[in-house]
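Each chain, written out:
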Amino acid sequence: MPNNLTRREILLAGAATTAALATSNAFAAPTIWVPKKLRVGVIGCQGMGRGDRLNAARFGDVVALCDPDQKRLSEAMVDHPRASAFSDLRVMLEAMEGRIDFVTVSTPDHTHALATAMAMERGIHCYTQKPLTRTIPEARALAGIAKRSRVITQMGNQGTASSALRQTAAAIKAGVIGRVKEVHCWTDRAGDWWKQGVERAAQAPEPKELNWDAWLGPAPLRPYAPGYHAFAWRGWWDFGTGSLGDMGCHVMNLPFMALDLRDPISVFAESSRPEMKHNKDSFPSMSHVKYAFGERKGRAPVDLHWYDGGLKPEGVVKTDEPLPGNGALFIGENDVLFVPETYGDGAKLLSGKPMPEAAFVESPGHWEEFIAAIEGGARPMSDFVSYAAPLTETVLLGNLAIAAVGTELKWNPRRMSVQEGVDVAHLLRPVSRPGWGL
């Protein structure tokens with residue numbers, strides 16, 4: 001993988017980072033340490049990264065930490081004082097080659113693909129947060145690398161291991177509501193969680209503790225400003241995947257599992273800002289996306305509707321309770337299934353009939369699946385090749401439609417293309433900064 005850095009430059013950079021952190025009293029690097037368990041590298045230390053590294057530490061020794069924010073890195077070092085520290089993911093993976101068994105990738109969406117690809121190409125198993133990537137070509141690329149390298153992979157959409165979600169998916173497959181005609185999924189993101197449909201803030205001095213170049217990674221160069229790091233990046237096309245990317249891999253997980261929703265025929269979006277068709281900077285504050293899926297392996301054609309920013313499928317069916325912030329409705333020929341939770345909990349039939357039992361394979365736990373697979377067990381349900389990359393691709397197709405708002409996109413999965421004359425090249429042919437490409 002070309003990165004325009006020599007191995008000597010990378011190792012020297014890693015040494016410089018470690019020295020700088022050591023002199024700031026963030027930690028004292030050990031001289032000799034022999035790990036006793038699986039060796040873990042953590043890329044992205046706080047936010048979701050905090051939960052991921054603490055979960056990983058249940059099964060292995062954290063030997064390396066990477067975060068472009070020195071403050072966040074120092075906080076993580078309190079929990080893992082023996083780990084080597086880095087601010088650049090490329091530096092960490094080069095410097096620690098042969099000394100890491102698996103990594104957690106819990107960074108902003110735009111660096112998922114590079115970090116994960118670099119790790120897999122070194123034979124390192126990967127636990128990568130959802131959505132797997134920022135763009136569809138990146139998801140395809142990671143699936144290909146995972147298949148070729150034969151490493152164990154898992155995307156961090158923990159609902160995939162939920163017994164409620166798996167059993168409800170099995171019930172839908174078994175015909176609990178008959179042929180499914182429509183699915184409606186919604187989320188209350190963005191809004192109070194982070195802002196979308198906004199203009200860039202004015203340039204500001206880069207925080208002393210932040211390696212802004214490493215944080216930008218493959219994204220186009222832009223000056224630092226408030227509103228990107230640490231959480232608001234989700235609302236910007238260059239860094240995140242918006243409300244749909246953030247929550248689609250959760251809320252759309254159940255319909256994907258139950259109905260095998262891959263390769264829609266067409267996708268169409270309406271949004272709060274029609275001018276977003278020409279604005280590739282910030283996602284719209286709210287959107288409604290319609291996916292049309294054709295017949296697949298005996299499953300009849302079905303439409304899936306996605307709503308975000310507070311929009312909901314009001315009036316589609318009558319429910320006895322207000323629609324919650326996140327949920328799904330499955331409209332079948334015989335009944336309607338209402339799922340008021342993100343991970344499939346509380347599913348009920350609007351006819352009042354009891355939900356039938358349905359056979360399903362119970363998971364020992366999301367992390368337990370991943371670790372068991374590393375140790376020779378079955379591959380995780382949410383492994384990149386068979387599940388996570390296809391789910392991410394379906395989700396991100398909605399963002400193609402949002403980028404081309406008002407235009408029905410005809411999707412060609414084999415060519416990974418839409419019809420001519422639609423301006424979505426920035427998502428289908430993304431260009432990375434030199435040194436940061438796949």
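Residues numbered from 1 in each chain as written. Predicted model: local features only at pLDDT ≥ 70, side-chain atom pairs only at ≥ 80, totals over all residues. Heavy atoms only, no water.

Caption draft 1: Structural view of the overall build of the protein chain. Across its full length, the protein chain holds 13 helices and 14 strands. Relative to its full complement of 438 residues, the protein chain shows a buried share of 58%. The contacts of the protein chain with a sequence gap of at least 6 include a subset with a gap of at least 24, amounting to 70%. For the protein chain, the exposed area adds up to about 18100 Å²; of that, 52% sits on carbon and sulfur atoms. (Helix = DSSP H or I, 4+ residues; strand = E, 2+ residues; numbered from the N terminus. Buried < 20%, exposed > 50% of the residue type's maximum accessible area, 1.4 Å probe, protein only. Contact = heavy atoms within 4.5 Å. Areas by Shrake-Rupley, 256 points an atom, 1.4 Å probe, with all protein chains shown as cover.)

Caption draft 2: Seen up close, the sheet that holds strand S8 (residues 266-271). Taken together, eight strands build an open sheet; the order of strands is S13-S12-S11-S7-S10-S9-S8-S14 and the sheet is mixed. Of all the strands in the sheet, the pair left with one neighbour each is strand S13 (348-349) and strand S14 (409-410). Pairing geometry for strand S7 (residues 180-186) and strand S11 (residues 327-332), over six bridges, is antiparallel. By the bridge assignment for S11, Val180 is matched with Gly332. (Pairing = 2+ DSSP bridges.)

Caption draft 3: Structural context of unusual backbone geometry. Omega for the peptide link from Lys130 to Pro131 comes to -15 degrees, which places this bond in the cis form. Topologically, Pro131 is positioned in the loop between strand S5 (125-129) and helix H6 (136-149). Residue Ala230 is bonded to the preceding His229 through a cis peptide linkage, with omega at 20 degrees. Inspection of the secondary structure assignment puts Ala230 in the loop between helix H8 (212-216) and helix H9 (242-251). In this structure, Arg150 is a non-glycine residue whose phi angle is positive, near 60 degrees. Here Arg150 is to be found in the loop between H6 and strand S6 (153-156). Owing to a relative accessible area of 68%, Arg150 belongs among the exposed residues under this scheme.

Caption draft 4: Summary view of the side chain of Gln129. Take Gln129: it is sitting in strand S5. Taking the relative accessible area as the measure of exposure, Gln129 reaches 4% and is therefore buried. A distance of 3.0 Å separates the side chain of Gln129 from the side chain of Asp52, its partner in a polar contact. (Polar contact = N/O pair within 3.5 Å; in protein donor to acceptor, adjacent residues only side chain to side chain.)

Caption draft 5: Representation of the packing of helix H5 (residues 112-120) against H6. Running from N to C, H5 and H6 cross one another at 15 degrees; their axes reach a closest spacing of 10 Å. On the basis of their axis angle, the class for H5 and H6 is roughly parallel. The way H5 lies across H6 gives a crossing that is left-handed. Between H5 and H6, the contacting residues are Ala113, Thr116, Ala117 and Met120 on the first element and Glu138, Leu142, Ile145, Ala146 and Ser149 on the second. (Axes fitted to C-alpha atoms, helices over the stretch in contact; angles between N-to-C directions. Parallel < 35°, antiparallel > 145°, perpendicular 65-115°, else oblique. Left-handed = near helix turned anticlockwise from the far one by under 90°.)

Caption draft 6: Representation of the nonpolar core within the structure. If you look at the biggest cluster of nonpolar residues, it comprises 90 residues, and the most contacted ones within it are Met92, Tyr291, Phe330 and Leu400. Take this core: its biggest share by element is 12 residues, from helix H12 (residues 384-403). The contacts of Met92, once residues within four sequence positions are left out, are Gly41, Val42, Ile43, Ala64, Leu65, Cys66, Phe86, Ile100 and Val103. In terms of nonpolar packing, the next biggest core, distinct from the first, is built from 21 residues, Leu38, Val62, Ala76 and Ala373 among them. (Core = buried A, V, L, I, M, F, W, Y, C linked by side-chain atoms within 4.5 Å.)

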